[in-house]
Each structure stands twice: as structure tokens, then as C-alpha cells.
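Next come the chains, spelled out residue by residue.
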Amino acid sequence: MTSPGAPQSRRTFVGKLAAGALATGAMPTVLSAAARRDVFTLASHRYQSANDQIQLAVIGAGGMGMADVNTALRVPGVKLVAVADCYDGRLERAKELHGADVSTTRDYREILARDDIDAVIVGTPDHWHQKISIDALRAGKAVYCEKPMVHKIGQGADLIRAQNESGKTFQVGSQGMSSLGNEKAKALLEDGAIGELNYAEGFWARNDPIGAWQYAIPEDESEKTVDWDMFLGDAPKRPYDPLRIFRWRNYRDYGTGVSGDLFVHLFSSLHFVTSSKGPRKVMAQGGLRYWKDGREVPDILLGMFDYAESDAHPPFNLSLRVNLVDGTSGTTFLRLVGSEGAMDVTWTEVVLRRNKAVSPTDVFLQMKSDEMDDALEARKQMLPPAESVYVAEDGYMGAHFDHFMSFFRSVREGTPVAEDAVFGLRAAAPALACNESYFDEKVVEWDPETMKVL
Ligand SMILES: NC(=O)c1ccc[n+]([C@@H]2O[C@H](COP(=O)([O-])OP(=O)(O)OC[C@H]3O[C@@H](n4cnc5c(N)ncnc54)[C@H](O)[C@@H]3O)[C@@H](O)[C@H]2O)c1
């Protein structure tokens, strides 16, 4: 990591940018700032196919669990052999999609007891992540656990211990951090492309019922087709309520609100790009403005986070926002701002703008300069590109695939994963602390080194 304010950093970056432009045959022409836009292609990783087969199971075969399975099966040498879910409709659907010889069960412990299963995906609601992951690691399975890694911050330490004691691969499913876009942003930041980082911001905006978690309730739902006790687990006992299982995100006993659902992705990416361990102060405000369907969590949430200086980065501030009632629509965004520019980062693209590359637009400064009639006109300068755009090359398999490659490579070769339990907790904790801050109306102090709430 370049040390904060290192004098070489920007020169290093500009030199590399020029070399990159030559290598890709880009021909930037100095016309206007708008025209000075260079576009570069980010090359995908090249993967080798494997000879040995990994036997995979999924626990929690809903929307994301099955999306994970589909992506995992694109990795050579992976076979789905078993599925666990507490709703029969999911088990039937898994057989329809993946063949009658895939075995199914309502009880995930049957999967963990089998010797022929190497790895499991945990795609259950959040309140089950920690328990099933620990049980699976102790049973000798590699685990790909969906985000957020835990339902409560205090559950993190036991899962980190289980990962370390088992020696098994454990990866958290914030796939964006394995993307070409995040990798490029990290390299650009380290090369000094935006100068010294001082601020970052991110948001998720949605405006439709599905985006706001109003999922369809299956017609055949009943206490016969749902194993209600298996859904509840350690959550408080209640009579059967289909809304609670099929729209679990709305309830605090099972979900983690918009911050656990969405901020956590932004934390994972930001921490990857900046090599940060996390903020030391967390503050959140928000409200339930529109989706008054009995949910217990806000549909608008704003978070403010203070990142102290560390070996990896200068001190900076972060602002995050989720709006499930955003009339401007469905988009997401992560921006890093530094003393010399800013980067908009997605999983497939980085747009870099540098303020040294454009003429000042400050009206006051212009007036003052016009007033100085004896001022000599300064010599015009050569300007670098105002905007550089890095885009993934055609055929890029995507962040989700890259994240699974990292997982299965670790299972086969013992290499480190992109997002282990320590990284996973450091991404989840500030997101979960937002709930604490919002509901208890307080500032939460978090020690990202020791991973403890102060
Ligand atoms: N990485 C991503 O981009 C991403 C995207 C969406 C969801 N997720 C995460 O994936 C997880 C699942 O979300 P979803 O949208 O797929 O929810 P979902 O409701 O569609 O799926 C959850 C499934 O788990 C099952 N289940 C509940 N308790 C169980 C238990 N004890 N044993 C076995 N099965 C159980 C449910 O019946 C359901 O089929 C969540 O933690 C969510 O945060 C991640």
C-alpha cells in the first residue's frame, strides 16, 4: 500500500496510465475535457480445469442458495449431490432443476453426517448462518456462507475459532470483492490515482415490491409443507406464520435489515479496495417511510462511519445509504474520493476522474483572475485524460464466478480465500452496528483490530 501522501504516488500512476494507453493502442486527443476520455479493457483471469471432483451440497435452497449452486456448477469438477431446505417446495424444485438423484432433506444435519460431501453452501436466512457454518466446519466440510456472516456481532468470534480449529476452507459470499472492478480500483488507489483518500460513499436504491422484500408467498405453504421449528432454530418460538418464513428479511429475529442485507456488500468491497479493517465509529439514522407491511426494520437507512488512520490508509469518512422507496430507481454505487480525483467502482467497471486534469471551474477564482489586468497569461499545460474508464472484457464470467473460483481453489489447493471469517466479520460488524445505532439511537464504537464493540 502506498503510504498516505507519498510524493511518488501520482507520478507512478500517471506513468503507468500513459504506458497502458500505448499498450492498448488508445489514442487520447486533447480537445476538451469531455472528449479526453480513455477506455481500457480489464482482462479476465485464465482458469485451468480440474481433474478431481468436489461433491457439493446446499443448505437453504432459496433464491441465493440456488443462484450460488448455478454459479458453483460452472466451475469445472463440481457436482451437486444434496440439498437441505425446510420448505418442501424448494426441495422439489431442486430435483426438477438438478435431477432426481440429488438427495433432499429437511434436516441439514443429515448432510453434515455424510462422508461423501466435501463442501456446503449456506444459503439460509441470516439467523442460521453462524450455527450451520460452525456445525459444518466441525463436521469437516468446506463452507461457502452467504453474507452477512453472522446475525449478531457477538457470534463472530466462535465462527472464526471454528474456521481456525477445523483448518477447513471458509468463505463469506460477498462476491463483488472478487470482481475485476474491485481489483482494478485497489490497484489504482495503491498507485495514487486519486491522491490521498479522504472520503467514500455508497448507496443502493430500489423502488419495486420485490426489491423491497415483498416476495410472493407460495400457494402450497402450510405447516405440512414447512418445517416451522427447523426454520425458527434458536429464534423465539412463535406460531406458524408464512410471512415470517417467506419474507424473513422484514423481521429482526431472522434478518439484519437493509444494512445487513446491502451495506455489507459495500463494506466488503471498500475494505478490499482500501485494505481497511473497518471503521471505529458507526452512526445510523433512517425510518420506515413507505413499506408499512408489518416489517420491523427501516426502508431508508443512512450510515456514517469514521475510519481512523491505519498502516493501510489515511483517516477518511464513509457515508452509506439504502433507499427502498427511491423513485429515481434501481441502482447501486460506490465512490472513493481523494485529494486528486475520484473513482466510481462497480464489479465490471471503474471510472476514474482526476481534478488535476481539468481547468478550474471556480467562478470566484475566475473573477479574481479577470480583475488582475496586469496578470501574465500562464503558459498552457499538457493535460492528462480527464476521465479513464476501465471495463471488463467481453466474456467476463463475473464476480460471483470469481468468488467461487477462489473458494474451490482453496478447497483443492489450500490457498487463502478472498473472504475468510475474519474479513467477513469486519465487513458484517459495522453493518450490524448500524441496526444497534438506529434502534438504540446511539453511536457505536467498534475496534476493527480486536473486532470488539467498545
Ligand atoms: N451474495 C448476494 O448477492 C446475496 C443475494 C441475495 C441473498 N443473499 C443472502 O442469501 C441468504 C438467503 O437469501 P435468499 O434471498 O436466498 O432467501 P430465500 O428466502 O429465498 O432462501 C432462504 C431459504 O432458506 C430456507 N431455510 C430457512 N431455514 C432453513 C434451515 N434451518 N435449514 C434449511 N433451509 C432453511 C428457506 O426455506 C429458503 O428456501 C441470505 O443470508 C441473504 O443475505 C446474498
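Computed from a predicted model, the values in this text were never measured in an experiment.

Let us look at the overall build of the protein chain. For the protein chain, the helix and strand inventory stands at 13 helices and 17 strands. Taking all 454 residues of the protein chain together, 45% fall into the buried category. In the protein chain, of all internal contacts separated by at least 6 residues, the share reaching a separation of at least 24 is 75%.

As a further point, take the environment of arginine 161. Structurally, the position occupied by arginine 161 is in helix α6 (residues 156-166). You can call arginine 161 partly exposed: it has 13 C-beta atoms within 10 Å. Between the C-alpha atoms of arginine 161 and isoleucine 134, which are 27 residues apart in sequence, the distance is 9.0 Å.

So, on to the sheet that holds strand β15 (residues 387-392). In space, the 11 strands of this open sheet follow the order β1-β15-β14-β13-β12-β8-β11-β10-β9-β16-β17, with mixed pairing throughout. Both outer strands of the open sheet, β1 (37-42) and β17 (452-453), are each paired with one neighbouring strand and no more. Pairing geometry for strand β10 (residues 300-307) and strand β11 (residues 316-323), over eight bridges, is antiparallel. Paired with tyrosine 307 across the two strands is phenylalanine 316, which belongs to β11. Relative to the sheet, helix α7 (residues 180-190) contacts β1, β8 (197-205), β12 (331-338), β13 (341-345), β14 (349-354) and β15, its axis offset from that of β14 by approximately 25°. Along the sheet, helix α10 (residues 257-274) contacts β8, β9 (281-287), β10, β11, β12 and β13; its crossing angle with β11, the most-contacted strand, is approximately 145°.

Put simply, side chains in a regular strand alternate between the two faces of the sheet. The sheet contact formed by β13 and β14 spans five bridges and is antiparallel. Residue pairing across strands places alanine 342 opposite arginine 353, the latter belonging to β14. The turn linking β13 back onto β14 is made up of three residues. With five bridges connecting them, β14 and β15 associate as antiparallel partners. Directly across from leucine 352, in β15, lies its bridge partner serine 388.

Secondary-structure assignment places histidine 403 in helix α12 (residues 399-413). Classification of histidine 403 by C-beta neighbours within 10 Å gives buried; the count is 25. Dropping the residues within four chain positions of it, histidine 403 is found in contact with Gly173, Gln175, Ser178 and Ala418.

Moving on: the site of the ligand. Lining the immediate environment of the ligand, one finds 27 residues, of which Gly60, Gly62, Gly63, Met64 and Glu146 sit closest. Broken down by secondary-structure element, the contributors of at least two residues to the shell around the ligand are α2 (63-72) and α8 (228-232). Grouping the constituent residues of the shell around the ligand by class yields 12 nonpolar, nine polar and six charged.

Glancing now at the packing of α6 against helix α13 (residues 421-440). Orientation of α6 relative to α13, taken along the N-to-C sense of each, is 165°, at an axis distance of 9 Å. When the axis of α6 is compared with that of α13, the two are roughly antiparallel. With respect to the hand of their crossing, α6 and α13 are arranged in right-handed fashion. Of the residues in α13, those in contact with Gly156, Leu159, Ile160 and Gln163 of α6 are Ala421, Val422, Leu425 and Ala429.

Note on placement: glycine 154 falls in the loop between β6 (142-145) and α6. Separated by 299 residues in sequence, glycine 154 and valine 453 have C-alpha atoms that sit 8.7 Å apart.

We now examine the packing of α7 against α10. Describing two packed helices takes the angle between their axes plus the distance from one axis to the other. For the pair α7 and α10, the least separation of the axes is 8 Å and the interaxial angle reads 40°. With respect to α10, the element α7 is oriented oblique. Viewed along their axes, α7 and α10 form a crossing whose handedness is right-handed. Counting all contacts with α7, which are made through Asn182, Ala185, Lys186 and Leu189, the residues of α10 involved are Ser269, Phe272, Val273 and Thr274. Taken together, the residues of the contact of α7 with α10 break down into four nonpolar, three polar and one charged.

Here the focus is α10. An ideal rise of 1.5 Å per residue puts 26 Å on 18 residues; α10 measures up with 25 Å between its terminal C-alpha atoms. Considering bend angle alone, the principal kink of α10 is centred on phenylalanine 263 and spans about 40°. Most of α10 is tucked away: 17 of the 18 residues are buried. Where α10 ends, the next residue or the one after it, serine 275, has phi of about 60°, a positive value.

Moving on to the confidence of the model for the protein chain. In the predicted model, the protein chain carries a mean pLDDT of 89, and the fraction of residues at 70 or more is 87%. Across residues 1-12, where pLDDT falls below 50, the model places 17 contacts with residues more than four positions away in sequence or in other chains.

To continue, consider the sheet that holds strand β5 (residues 119-122). Pairing is parallel across the open sheet formed by six strands, whose spatial order is β4-β3-β2-β5-β6-β7. At either end of the open sheet lies a strand with only one pairing partner, and these are β4 (103-105) and β7 (170-172). The average undirected angle you get between the axes of adjacent strands in this sheet is 20°. Inspection of the sheet shows strand β3 (residues 78-84) paired to β4 by three bridges, in the parallel sense. In the strand pairing of β4, alanine 82 is matched with serine 103.

Counting residues in each nonpolar core, the largest one holds 100 residues, and the members touching the most others are Ile59, Val120 and Leu336. Ignoring sequence-local partners within four residues, the contact set of isoleucine 59 consists of Ala84, Tyr108, Ile111, Val120, Ile121, Val122, Gly123, Thr124 and Ile132. Residues Cys86, Tyr87, Phe231 and Trp248 belong to the second largest nonpolar core, which totals eight residues.

Definitions and cut-offs
Residues numbered from 1 in each chain as written. Predicted model: local features only at pLDDT ≥ 70, side-chain atom pairs only at ≥ 80, totals over all residues. Helix = DSSP H or I, 4+ residues; strand = E, 2+ residues; numbered from the N terminus. Buried ≥ 20, exposed ≤ 12 C-beta atoms within 10 Å, placed from the backbone. Contact = placed C-beta atoms within 7 Å. Pairing = 2+ DSSP bridges. Axes fitted to C-alpha atoms, helices over the stretch in contact; angles between N-to-C directions. Near = placed C-beta within 6 Å. Nonpolar A, V, L, I, M, F, W, Y, C, P; charged D, E, K, R; others polar. Parallel < 35°, antiparallel > 145°, perpendicular 65-115°, else oblique. Left-handed = near helix turned anticlockwise from the far one by under 90°. Expected span 1.5 Å × (residues − 1). Bend = angle between axes of the 7 residues up to and from the residue. pLDDT = per-residue confidence, 0-100. Core = buried A, V, L, I, M, F, W, Y, C linked by C-beta atoms within 7 Å.

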